[in-house]
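# Structure at a glance
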Amino acid sequence: MSLLDIRHVSKIYGELRALDDVSLKVEQGEWVAIMGPSGSGKSTMMNIIGCMDKPTKGEVILDGTDIARESSKRLTDIRRDKIGLIFQQFHMVNYLTAVENVMVSQYYHSMPDEAEALEALDRVGLRERARHLPSQLSGGEQQRVCVARALINHPEIILADEPTGNLDETNENIVLDLFRQLHNEGTTLIVVTHDPEVADAAQRTIVLEHGRLVREVINEHFGE
Amino acid sequence: MSKRRMFLRMITASLLRRRSRMLIALLSIAIGATILAGLVTVYVDVPRQMAAQFRSYGANMILMPAEGHSLTPAEAEAAEALIPADQLVGAAPYRYVYLNMVSRQQTFAAAGTDFEQVQRTSPYFKVEGAYPSSPRQVLIGKTVADTVGARLNGVMELTWFPPAEEEDPQADADTFEIRPGMTLSGQADGYGMSDEGSTKQPVYVVLTVGEDGTIASLTVDTSGETEAIGGRCGSEDFTAQFIGKPVGGDSRLMLGRDIDGISGATVTSTAVVQAVNHVVPVEEGAAPRIPRTINFTVAGILETGGEEDDYIYMSLDDMAAITGEPDTLDLVELSVSAAQENLERYTEAVTASGHATARLVKRVTKSETAVLGKLQALVFLVTLVTLVLTMVSVSTTMMAVVAERRKEIGLRKALGASDGAIRSEFLGEGLFLGALGGILGSVMGFVFAQVVSMNVFGSDIRFNFWLVPITVAVSMAVAALSCLLPVRRAVAIDPALVLKGE
């Protein structure tokens, strides 16, 4: 059984079909990129996979549960337990230090553990910057904190929305390297991007246009 | 690290690292708490303050002689003992007589009293100079001072003429029976000379009644007279003419018919005859009443704008010295710090004891209660309005905080925060602010109340320690209430917003 199984999902806002009968399967440990121009339905797709929105039609089976049928309270629980989110604008709590930001994720999930949070920061190479506030960190550093935050609770899926959209090339490579490590450790990655280079890093790329899944590309050079 | 510690860490970080915004919320709570604590302090302290204030408008209870008795210091003391000592602020005894300033031919009302007590029962007395502190000193009213042109430290010659007919109009020559051996006294206006010309001078006579009901002896006091003229009326030559003459009843002596006047002192001679014709019995065993003159130093000039300005005040000892009547009081003014019901109770108890007749100065005490009630109602209303305004202010600030933190709240929800977690975080911040604001407010409120009290009542205020926990609790409650709406808004934030661009 696939980790994520999206079946004939549509999201309709009045006349607009943000998603139109999309089906997609993502296997455990897979690294999938979702591409498409703006307005293609990427964000809607991301919201639905991230348990922040529900489809108008269709089923979204995540780890055996149809999240399209769950209450928003249950969706919060599922998101907390199974999804690690990374955003284009990083989104850190600006009055908390790097390590505290990681701990916030632990706090909502289970128990804050500073040692573990520091370890996660160490993993993204920011152990030395743990006590810095977001305003004292560069964009690349902030995004690495967000990666640490996303993986701290060992989620089933790491869902990243344009994770390198606000980063320079150096930092983009650092983040992509982190993704590669995560992938090698068996983490499932879904990365929404419009950057072909980022998409190329994935095993498989699906392309959305006008809410429809128009193309699926397997990266044959993956892992080389 | 426990969840609770992380919770506190997040809240304190939010408050400490986002200072400017939180300071505004804290400030509004603190100001609200300040006014709350301040007004409640004033509210609680007002009865005490007002009671003290009203006391300064004079005594609120008066002791007068009990029916059929005179009021002596001992009786007054016994009556005062019936009022709890801690509520008796002051008890000023008064003895009223008329004193003459002979040289100016002025009569003034004079009061003997205890100046230490007067300062307690009449704190509103404004004295230029000082209260009399040693014998033979007087405090004179402004009117008296203006009338006679008296100055501070100046000398005032005051004379007491024992009242005869004035004191007891019933005791007229016509209404008492002449008995052998009785002593009678009388007075009439004679004639005197001074630097400023002729003056009317009282002539005082004391006579005794012989076995046959006629005059047996006569003494004439002409101390106010000019020695060489009227003074001669005191001589044996003149007074001898009265021996054996009838006295009392319908008998009237006439100058020229019954008595030969002294030439050149006709006025005084006439006065002596008049005085004899209007004698009154002198109490048995009592010394004949002879006018007394004492020189006083003006220690202070009193100005109240009231009738006190017409009086001359002296110590009870001086009053006894000039009148020769110690242990006589006309009334005692009491200042009692008690509620109306208690005042009435004390009044009844004193009157029932028979030591004195007590009376309340009703107007002042009644208005005291009425004004107090109104003032407390006003303070209560202002407090209520303040609380509502504080709530609006805190609510608005928290609303702005929520708006400002939409992204953060969205992020927290995206990270898996339940509605309950968001709610408790914001309420936690609110309660923390409330507690901090409450503590600040308690302190600043006391300062505020102190300033109000100093300005309005001119006195210190008491610090009520129990007010601190109450202020903190109310501030926290107000903060929590104020946060209800903002929190609801925070909970409604869609986590998906963090995924949308900018």
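Preceding this section is the structure that the text describes.
Below is a summary of the structure that appears in this document. (Residues numbered from 1 in each chain as written. Chains lettered and ligands numbered in written order. Predicted model: local features only at pLDDT ≥ 70, side-chain atom pairs only at ≥ 80, totals over all residues. Heavy atoms only, no water.)

Moving on, we come to the pattern of salt bridges. Taken as a whole and judged by the stated rule, the model has 29 salt bridges over all chains. Close ionic contact of Asp66(A) with Arg69(A) constitutes a salt bridge, the shortest N to O distance being 3.6 Å. Taking the relative accessible area as the measure of exposure, Asp66(A) reaches 14% and is therefore buried. Measuring nitrogen to oxygen at the nearest pair gives 3.7 Å for the salt bridge that ties Asp81(A) to Arg80(A). One network of salt bridges, in which partners are shared, links Arg405(B), Glu408(B), Arg412(B), Glu425(B) and Glu429(B). (Salt bridge = Lys/Arg side-chain N within 4 Å of Asp/Glu carboxyl O. Buried < 20%, exposed > 50% of the residue type's maximum accessible area, 1.4 Å probe, protein only.)

Residues and elements named next belong to chain A. Of the two faces of strand S6 (residues 83-86), both are covered, the one formed by Ile83 and Leu85 as well as the one formed by Gly84 and Ile86. For S6 and strand S7 (residues 157-161), the ladder comprises 4 bridges, and the chain directions are parallel. Looking at S7, one finds that glycine 84 is bridged to isoleucine 158. (Helix = DSSP H or I, 4+ residues; strand = E, 2+ residues; numbered from the N terminus. Pairing = 2+ DSSP bridges.)

Once that is clear, we can look at the sheet that holds strand S9 (residues 204-209) of chain A. Residue and element names in this part refer to chain A. Spatially, the 6 strands line up as an open sheet ordered S6-S7-S8-S3-S9-S10, and their pairing is mixed. Looking at strand neighbours, the two that pair on one side only are S6 and strand S10 (212-218), the edges of this open sheet. Sheet twist, expressed as the average angle between the axes of neighbouring strands with direction ignored, equals 20°. Pairing geometry for S9 and S10, over 6 bridges, is antiparallel. (Axes fitted to C-alpha atoms, helices over the stretch in contact; angles between N-to-C directions.)

Opposite the 33 residues of chain B that make contact, chain A presents 29 residues. At the boundary of chain B with chain A, total buried surface from both sides reaches about 2,800 Å², with 61% on carbon and sulfur atoms. Joining chain B to chain A, the criterion identifies 2 salt bridges. Where Glu114(A) meets Arg9(B), a salt bridge forms, and the shortest distance between an N and an O atom there is 3.5 Å. On the surface where chain B and chain A come into contact, there are 11 residue pairs in polar contact (both at pLDDT 80 or more). Listed by contribution, the elements that provide at least two residues to the side of chain B that touches chain A are helix H1 (3-17), helix H11 (406-414) and helix H12 (419-456) of chain B. A total of 8 residues in the side of chain B that touches chain A trace back to one element, the largest contributor, which is H1(B). Considering only residue class, the side of chain B that touches chain A consists of 14 nonpolar, 5 polar and 14 charged. (Contact = heavy atoms within 4.5 Å. Buried area = accessible area lost by both parts, 1.4 Å probe. Polar contact = N/O pair within 3.5 Å; in protein donor to acceptor, adjacent residues only side chain to side chain. Nonpolar A, V, L, I, M, F, W, Y, C, P; charged D, E, K, R; others polar.)

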